[in-house]
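# Breakdown of the fold
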Amino acid sequence: MNMGFERDHFYRDVLLQYASRTKIIKDCIMGALANLLELDEDYFINRTTTRARALARLGYYPPCPRPDLVSGFKPHYDGGALSILFVEENVGGLQVLRNGKWYNILAKPYTLLINIAECIESPPHRVLTNAEKERTSVAIFYGVDVETVVEPAPGLLDEKRLARFKKIKAEDYYGTVFGHFRQGKRLINTLII
Ligand SMILES: O=C(O)CCC(=O)C(=O)O
Ligand SMILES: [Fe+2]
């Protein structure tokens, strides 16, 4: 019997089911966010659905004897539209930067952490290593439609609120965003007007 195949198959089914269910959450949040910003309710949903990529990243952080010297995940901004993160409870490590201070984000049982990503506005975050406990996480990154243009929403601009960033085709965004990340730079900074 090919146990490897059986396992892979099961794993794929679970991941697909998880991703399609969290996609419903993604659409709820995209709709609510558009409503809050007084844009058309479908504004973000239309740009993150048809040919949008979704990516899963499974993180395993082994215990590390020197958390003071080794980071789990360097400070970064998530790419795309929205990330949904499932982390182990009781193992901290995730931190978000706000007003120059890193805040611990603790996971409660049965909760998902939602992170707005860079095409809307991502907070910088990082993961610290833990000296005693191992940690696993499942992140699903919901991206933007490859045929869309990432731009300041026209509905949010007027003569007093001018665009602060140039537009970029989603295709070009994805083509260059990881290269910038690897170099410790931010693509968005190259779009400042
Ligand atoms: O593992 C985590 O808790 C966060 C990982 C993360 O920020 C990412 O994969 O972008
Ligand atoms: Fe992240």
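The shown structure was predicted, so the numbers you read here are calculated from the model rather than taken from an experiment.

About the criteria used
Each chain carries its own residue numbering, running from 1 in the written order of its sequence. Chains carry letters from A onward and ligands carry numbers from 1 onward, assigned in written order. At least 70 in pLDDT is required for a residue's local features to be given in this predicted model, at least 80 for side-chain atom pairs to be given and counted, and no such filter applies to totals for whole chains, interfaces and linings, which use all residues. Only hydrogens and water are set aside; all other atoms, that is, all heavy atoms of the structure, feed into the side-chain values. In DSSP terms, a helix is any run of H or I states spanning at least four residues, a strand is any run of E spanning at least two, and both are numbered starting from the N terminus. Throughout, a contact is declared for two residues whenever any of their heavy atoms are within 4.5 Å. Residue-level accessible areas treat just the shown protein chains as cover; the underlying method is Shrake-Rupley with a 1.4 Å probe. UniProt positions are given in the numbering used here, feature names are shortened, and annotations may be inferred rather than shown by experiment. When DSSP locates at least two bridges between a pair of strands, those strands are taken to pair. Only the contacting stretch of a helix is used when fitting its axis, a line to C-alpha atoms as for every element, and angles between N-to-C directions run 0 to 180 degrees. Think of it in three bands: residues with accessible area under 20% of the maximum for their type are buried, residues over 50% are exposed, and the middle band is partly exposed, with areas taken using a 1.4 Å probe on protein chains only. Each Phe, Tyr or Trp ring, with Trp reduced to its six-membered ring, pairs with another whose centre is within 6.5 Å; inter-plane angles below 30 degrees give stacked pairs, above 60 give edge-to-face pairs, and intermediate values give tilted ones. Two conditions define a charge sitting above a ring: the NZ of Lys or the CZ of Arg must be within 6 Å of the ring centre, and it must be within 35 degrees of the ring normal. In this description, a nonpolar core means a group of buried Ala, Val, Leu, Ile, Met, Phe, Trp, Tyr and Cys residues linked to one another through side-chain atoms lying within 4.5 Å.

With that settled, consider the overall build of the protein. On a plain count of helices and strands, the protein comes out with three helices and ten strands. Shown N-terminal to C-terminal, the secondary structure of the protein runs as helices and strands in the order α-α-β-β-β-β-β-β-β-β-β-β-α. With the principal axes as the frame, the protein shows a C-alpha extent of 60 × 45 × 30 Å. A fraction of 76% describes how many contacts in the protein between residues 6 or more apart in sequence connect residues 24 or more apart. Summed over all atoms, the accessible surface of the protein reaches about 12,700 Å², with 56% contributed by carbon and sulfur.

The next thing to look at is the UniProt feature "domain: Fe2OG dioxygenase" (unreviewed entry) in the protein. Per the UniProt record, "domain: Fe2OG dioxygenase" (unreviewed entry) is annotated on residues 48-144. Across residues 48-144, the secondary structure splits into 0% helix and 51% strand, with the terminal C-alpha atoms separated by 4 Å.

What follows deals with the sheet that holds strand 8 (residues 135-145). As summarised here, the arrangement of the four strands in space is 1-8-3-6, forming an open sheet in which the pairing is antiparallel. On the outer flanks of this sheet lie strand 1 (52-61) and strand 6 (113-116), each paired with one strand and no other. Averaged over all neighbouring strand pairs, the angle between strand axes comes to 20°, with direction disregarded. Inspection of the sheet shows strand 1 paired to strand 8 by nine bridges, in the antiparallel sense. Bridged to Y61 within strand 8 is R135.

Note that R57 resides in strand 1. Residue classification places R57 among the partly exposed residues on the basis of a relative accessible area of 34%. Apart from residues lying up to four places away in sequence, R57 is in contact with F73, S137, V138, A139 and F141.

A few words on the packing of aromatic side chains. We describe a pair of aromatic rings using the distance from one ring centre to the other and the angle between the two ring planes. Per the counting criterion, the structure on display carries three aromatic pairs. When the ring of Y43 is compared with that of F44, the centres are 5.3 Å apart and the planes differ by 80°; the resulting orientation is edge-to-face. Each member of the pair, Y43 as well as F44, carries the same accessibility label: buried. For R47, the ring lying beneath its charged end belongs to Y43, and the centroid distance is 3.8 Å. One Lys or Arg, R53, reaches over the ring of Y174 and ends 4.3 Å from the middle of that ring.

Bringing the nonpolar core into the picture now. Residues M30, L39, Y43, F44, V144, I168 and Y173 are the most contacted members of the largest nonpolar core, which totals 22 residues. Elements with a minimum of two residues in this core: helix 1 (3-36), helix 2 (43-47), strand 3 (82-87), strand 8 and helix 3 (170-182). Contact partners of L39, with chain neighbours within four places excluded, come to A34, F44, A153, G155 and L156. V87, L113, V127 and F141 belong to the second-largest nonpolar core, a separate cluster that totals ten residues.

In this section: unusual backbone geometry. Although it is not a glycine, N99 adopts a positive phi angle of roughly 45°. Within the secondary structure, N99 is located in the loop between strand 4 (94-98) and strand 5 (101-104). Backbone geometry at Y110 places phi at a positive 60°, although glycine is not the residue there. Relative to the helices and strands, Y110 resides in the loop between strand 5 and strand 6.

Turning to the sheet that holds strand 5, a few remarks are in order. Spatial strand order, 2-7-4-5: four strands in an open sheet with antiparallel pairing. Since the sheet does not close on itself, it has two edges, and those belong to strand 2 (71-76) and strand 5, each with one partner. Put simply, the sheet's adjacent strands are angled 25° from each other on average, direction ignored. Sheet topology note: the strand 2/strand 7 (residues 125-128) ladder contains three bridges and is antiparallel. Bridge pairing links S71 to L128 in strand 7.

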